[in-house]
Amino acid sequence: MHLGVEEPIRECQYNQICTHNSSPMDTPHIKKKKNKRKWQVFPGRNRFYCNGRIMMAKQTGVFYLTMVLILVTSGLFFAFDCPFLASNLTPAIPAIGGVLFVFVMGMLLRASFSDPGVLPRATPEEAADIERQIDANNGPSGPGYRPPPRTREVLINGQTVKLKYCFTCKIFRPPRASHCSLCDNCVDRFDHHCPWVGNCVGRRNYRFFYLFILSLSFLTIFIFAFVITHVILRSNRTGFLSALKDSPASVLEVVVCFFSVWSIVGLSGFHTYLISSNQTTNEDIKGSWSSKRGKGNYNPYSYGNFITNCCAALCGPLPPSLIDRRGFIQPDTPQPATQTNGTSACPPNQVQSHMVVCLHLTNQTRLFLSPPPQKFLFCYWLSLKIQFVFICIALLQCRLFQSSLT
Amino acid sequence: MAETHSLQDLRQAAVASKVFVQRDYTSGTICKFQTKFPAELESRIDKVQFEETIQTLNNLYAEAEKLGGRSYLEGCLACLTAYTIFLCMETHYEKVLKKIAKFIQEQNEKIYAPLGLLLTDPIERGLRVVEITIFEDRSIGSR
């Protein structure tokens, strides 16, 4: 009876709400929230474009410089040198140049825009489960006691490999994975963070990066050789100085190609060595598999012969992206552990971000200031330094040349 | 009232706990999960059945990552077409992942859901773990 009295009153209240509400929607509070895509809540420091299809690092300035250098040099070659070469030598030259250029750009964009192999962060339940396992292994700790470093040892093909715990991603990193401080992600088979490409180089885009630098070496040598040929052929007819005056763009192309060929070819050679021995740049710099570390130290990931290593790196199966950028967030899906979920045992996040900024600056300046110990890298570092200085001189000379012409 | 549950019933049931089967890196970086039987599942499922599921999963992942004539051919063809061929066709890995998703759904429907368990596809956890959700089973009487 009591209920029967209440119900009509409730109905009246419901009707009153309906009449006040002018919109025809019957459940406005549910449909208000639009389903977000996973890239919009991605915890790393990446930039996404085209609704999550393109993924890059946060700093992309140097990538645009790479694009400009390649586009301008190639553009000048096709516009000023190719007509002469096509008519006087063979039209195959611009054709081959065109194919090389398209391949270089394709590989660059593929290396820059794809997911390098980012490992998604642990869900809260996973993180809690790992913490429980670590606490069980280490035993109870009192307040103020610093816990031992979180590592797990694993025997891979006879070599003991240490798996480190990532405090940011709350996972034990798989072997060969590393945390990129610039992108703030753990990347599988982390090679290095390449500012020229504007992205990390990891498992999923290493082959594109390698093919990019290899094809760019060929393109640079190709342009250099044929611009020199063009200038020589012209100077045979009209003299050297007038040949330079007729095609001033050739001077710029020669300068850019001459000073970039050393570092690009050097880098291609270095990465060919890495691929043939199945190592990453990270492992080579640290000397992880160097015989200097110990007599029985060898690379457990190598397939034994360099052909299999090369085939595996370049033609092996391409793993799919693990982060599902364009998927929609399901309301009941557990969200990954964010940076704010730091425990007392973890280093504070302000210190981490400060370290990241310092690391970023030191990454940029490190290569220019302190020479690395390994031979290959030392040559690459030296050529980079020389190239940087000479490009500045070359640009200055171009400006002086331009002003003398006008 | 029945002891067994269907997949739909599980969605309304309460989650008691989750068990995580970690990766096994002893063979290198290939995707492989530990076949060690978790203690929490002792009362729920047969050890042999569980190991068979994980072993089949491992075999499927090994098939996806296998280096052989087929993968090399696919890689070379993709390189020659500047990787544009993947706009029209799926990679071998993606095809096997679909197979794995189907396998997990079948296992859930036939074996795990009736026992109050649910396997989560490892790809949804970044191929880090096989997450097994244990649901509260009022009819059996938990613990």
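Basis of the calculations
Residues numbered from 1 in each chain as written. Chains lettered and ligands numbered in written order. Predicted model: local features only at pLDDT ≥ 70, side-chain atom pairs only at ≥ 80, totals over all residues. Heavy atoms only, no water. Helix = DSSP H or I, 4+ residues; strand = E, 2+ residues; numbered from the N terminus. Buried < 20%, exposed > 50% of the residue type's maximum accessible area, 1.4 Å probe, protein only. Lys, Arg positive; Asp, Glu negative; His and termini not counted. Salt bridge = Lys/Arg side-chain N within 4 Å of Asp/Glu carboxyl O. Contact = heavy atoms within 4.5 Å. Core = buried A, V, L, I, M, F, W, Y, C linked by side-chain atoms within 4.5 Å. Expected span 1.5 Å × (residues − 1). Arc of directions from axis to C-beta.

Quick look at the side chain of Asp191 of chain A
Residue and element names in this part refer to chain A. Looking at the element boundaries, Asp191 is found in the loop between strand S8 (185-187) and strand S9 (192-194). No salt bridge forms around the buried Asp191; measuring N to O, its nearest opposite-charge neighbour Arg189 is 4.6 Å away. Contacts of Asp191, omitting those with residues within four sequence positions, involve Val201, Gly202, Tyr206, His271, Leu274, Thr280, Thr281 and Asn282.

Focus: the nonpolar core
Membership of the largest hydrophobic core comes to 44 residues, with the highest contact counts inside it found for Ile70, Phe77, Phe209 and Phe212 of chain A. Among the elements of the structure, strand S2 (54-57), helix H3 (61-88), helix H4 (92-113), helix H6 (206-238), helix H8 (248-276) and helix H10 (306-315) of chain A are those that each provide at least two residues to this core. Among the elements that take part in this core, H6 of chain A stands out by supplying 12 residues, more than any other. Counting 35 residues, the second-largest nonpolar core is a separate cluster that includes Ala122 of chain A together with Val19, Phe33 and Tyr93 of chain B.

Quick word on helix H3 (residues 69-80) of chain B
Given 3.6 residues per helical turn, the α-helix brings residues three or four places apart onto the same face. With 12 residues, H3 of chain B ought to run about 16 Å at 1.5 Å a step, and its terminal C-alpha atoms sit 16 Å apart, in line with that. Taken together, the buried positions of H3 of chain B are Ser71, Glu74, Gly75 and Ala78 of chain B. Projected onto a plane normal to the axis of H3 of chain B, the buried residues spread over an arc of 100° and lie on a single side. In H3 of chain B, the exposed positions that point more than 90 degrees away from the buried face belong to Gly69, Leu73 and Leu80 of chain B. Here the buried face of H3 of chain B lies against H10 of chain A together with helix H4 (92-112) of chain B. Trailing H3 of chain B by a residue or two, Ala82 of chain B shows a phi angle of about 55°, which is positive.

Here we look at unusual backbone geometry
Residue and element names in this part refer to chain A. Here the phi dihedral of Lys170 falls at roughly 60°; this positive angle occurs in a residue that is not glycine. Counting through the fold element by element, Lys170 comes out in the loop between strand S5 (159-166) and strand S6 (171-172). Even without a glycine there, the phi angle at Arg176 is positive, about 75°. Here Arg176 is to be found in the loop between S6 and strand S7 (178-180).

Scope: geometric values only; no functional claims are made or implied.
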